[in-house]
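# Coordinates in review
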Amino acid sequence: MNSTKDTPFTFAVNVAQATLEQYDNHITRTLSSMKGQYLDAATYEAMLPEEDRLLYEVYEIRRPETAGELLHGLSVVHPGKVGSEYFMTKGHFHTVLETAEVYYCLKGQGCMVMETPEGDWAVEELRPGRVLYVPPRWAHRSVNTGADEDLVTFFVYPGHSGHDYGTIEQQGFRKLVVEENGQPKIVDNPRWRGPESR
Ligand code: S6P
Ligand code: ZN
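Summary of the structure given here. Quantities reported herein were computed from a predicted structural model and do not represent experimental measurements.

Conventions adopted
Residues numbered from 1 in each chain as written. Chains lettered and ligands numbered in written order. Predicted model: local features only at pLDDT ≥ 70, side-chain atom pairs only at ≥ 80, totals over all residues. Heavy atoms only, no water. Near = heavy atom within 4 Å. Polar contact = N/O pair within 3.5 Å; in protein donor to acceptor, adjacent residues only side chain to side chain. Areas by Shrake-Rupley, 256 points an atom, 1.4 Å probe, with all protein chains shown as cover. 1 Å grid on protein atoms, 1.4 Å probe; cavity = no way out; pocket = protein on both sides within 12 Å on 5 of 7 lines; lining within 4 Å. Sits in = over half its atoms within 2 Å of the grid points. Helix = DSSP H or I, 4+ residues; strand = E, 2+ residues; numbered from the N terminus. Donors = N, O, S within 2.8 Å, 3.2 Å for Na, K, Ca; no water. Tetrahedral: all angles 85-135°; square planar, octahedral: opposite > 155°, others 65-115°. Core = buried A, V, L, I, M, F, W, Y, C linked by side-chain atoms within 4.5 Å. Buried < 20%, exposed > 50% of the residue type's maximum accessible area, 1.4 Å probe, protein only. Contact = heavy atoms within 4.5 Å. Disulfide = S-S within 2.5 Å. Points joined across faces, edges and corners; volume = space filled by probe spheres on them. Nonpolar A, V, L, I, M, F, W, Y, C, P; charged D, E, K, R; others polar. Pairing = 2+ DSSP bridges. Axes fitted to C-alpha atoms, helices over the stretch in contact; angles between N-to-C directions.

### Focus on the site of ligand 1
Around ligand 1, 15 residues are found, and the nearest of them are Tyr56, Glu101, Tyr103, His163 and Tyr165. Histidine 92 has a polar side-chain atom sitting 2.9 Å from an oxygen atom of ligand 1. Here glutamate 101 contributes a side-chain N or O atom positioned 2.8 Å from an oxygen atom of ligand 1. Relative to its unbound accessible surface of 390 Å², ligand 1 loses 96% to contact with the protein. Judged by the fraction of its atoms near the pocket grid, ligand 1 is located in the largest pocket. The set of elements that each furnish at least two residues to the shell around ligand 1 consists of β4 (54–61), β8 (101–107) and β13 (151–158).

Structural data, given as structure tokens:
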């Protein structure tokens with residue numbers, strides 16, 4: 001496993017299948033872990049008892065969580081919607097706000113919804129071959145807007161970044177991505193509860 005290595009190492013990404021040849025940790029997130037995040041709360045509550053659907057998975061290469069290290073791995077968001085809102089990751093700020101992240105899209109169609117504590121927001125498209133640079137201070141959430149394909153990205157970020165999920169759990173993102181007439185559309189989040197709205 002890589003966590004014990006202090007010498008250079010390589011591993012393969014199967015580009016055709018958008019999978020990693022090896023990984024140390026596999027995280028799964030299901031519908032029940034997204035309470036309060038989807039706008040259509042009634043549909044969310046109705047879907048839960050039917051099946052705790054698998055929304056996304058993360059495959060990590062384990063490295064020490066220290067400043068000189070780079071944490072990396074694969075994020076896979078499955079296709080689907082809660083009401084008109086696409087399946088997405090929880091999203092987070094990095095605990096150390098001044099840390100950036102790079103995403104390289106291997107497969108699928110989607111976007112990254114981002115915002116800063118200062119009130120800026122951005123949504124950038126993710127599609128195979130595109131690289132997204134998330135600067136320091138920007139919270140980020142990936143959204144799969146594809147009809148029937150996984151959204152797969154390879155990510156790299158500083159080892160000491162940490163994850164602040166609580167802020168997004170409490171206030172949400174300013175923008176949501178929903179399907180309207182068969183197309184993805186960016187809309188205001190009427191339930192956004194950031195400092196300016198309180
Ligand atoms: C970590 C990086 C990704 C996400 C993954 C799942 O900094 O941004 O590895 O962890 O895409 O998203 P989330 O919001 O559940 O961590
Ligand atoms: Zn991150």
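On we go from here.
### Observations concerning the coordination of the zinc ion (ligand 2)
The protein atoms donating to the zinc ion (ligand 2) are His92 (NE2), His94 (NE2), Glu101 (OE) and His140 (NE2), with metal-donor distances spanning 2.1 to 2.3 Å. Taken together, the six donor atoms coordinating the zinc ion (ligand 2) and their angles of 72 to 173° define a geometry best described as octahedral. Here the donor residues of the zinc ion (ligand 2) share one chain and are spaced in sequence as H-x1-H-x6-E-x38-H. Of this pair, histidine 92 sits in the loop between β7 (85–86) and β8 while histidine 140 sits in strand β12 (residues 139–144), and the two are 48 residues apart along the sequence.

### Quick look at the nonpolar core
Counting residues in hydrophobic clusters, the biggest one holds 35 residues, and the most contacted among them are Tyr38, Leu55, Val82, Met114, Leu132 and Val143. Per-element tally for this core: the top contributor is strand β9 (residues 110–115), with four residues. Ignoring any residue separated from it by four or fewer positions in sequence, one finds valine 143 in contact with Tyr86, Phe87, Met88, Gln109, Gly110, Cys111, Val113, Leu151 and Val177. In terms of nonpolar packing, the next biggest core, distinct from the first, is built from nine residues, Leu20, Tyr59, Leu74 and Leu106 among them.

### Examining the environment of histidine 72
Locating histidine 72 in the fold gives a position in strand β5 (residues 70–77). Placed 84 residues apart in sequence, histidine 72 and valine 156 show a C-alpha to C-alpha distance of 4.4 Å. Here the side chain of histidine 72 touches leucine 70 through a polar contact of 3.1 Å, landing on its backbone oxygen.

### Focus: the state of the cysteines
Inspection of the entire model under this criterion finds zero disulfides. Cysteine cysteine 105 remains unbridged, with the sulfur of cysteine 111 as its closest cysteine sulfur at 11 Å. On the basis of relative accessibility, which here comes to 0%, the residue cysteine 105 falls in the buried class. On the basis of relative accessible area, cysteine 111 is assigned to the buried category, the value being 7%.

### Some points on empty space enclosed by the protein
Throughout the structure, instances matching the rule amount to one cavity of 30 Å³ or more. Its volume calculated, the largest cavity comes out at about 30 Å³. Lining the largest cavity we find Glu85, Met88, Val113, Arg141, Val143, Lys175, Leu176 and Val177. At the level of elements, β12 and β14 (175–180) are the ones that each hand at least two residues to the lining of the largest cavity. If you tally residues by element for the lining of the largest cavity, the top one is β14, at three residues. Grouping the constituent residues of the lining of the largest cavity by class yields five nonpolar, no polar and three charged.

### A short note on the sheet that holds strand β3 (residues 25–30)
Taken in spatial order, the six strands line up as β3-β4-β5-β13-β8-β11 in an open sheet, and their pairing is antiparallel. Whereas interior strands pair on both sides, the edge strands pair on one side only; in this sheet they are β3 and β11 (131–134). When the angles between neighbouring strand axes are averaged without regard to direction, this sheet yields 20°.

### Digging into the sheet that holds β12
One open sheet accounts for three strands, arranged β10-β9-β12; its pairing is antiparallel. Either end of the sheet is taken by a strand with one partner, and the two such strands are β10 (121–126) and β12. Neighbour-to-neighbour, the strand axes of the sheet open up by a mean angle of 20°, direction not taken into account. Relative to β12, β9 runs antiparallel, the two being bridged by six bridges. Bridge pairing links methionine 112 to serine 142 in β12.

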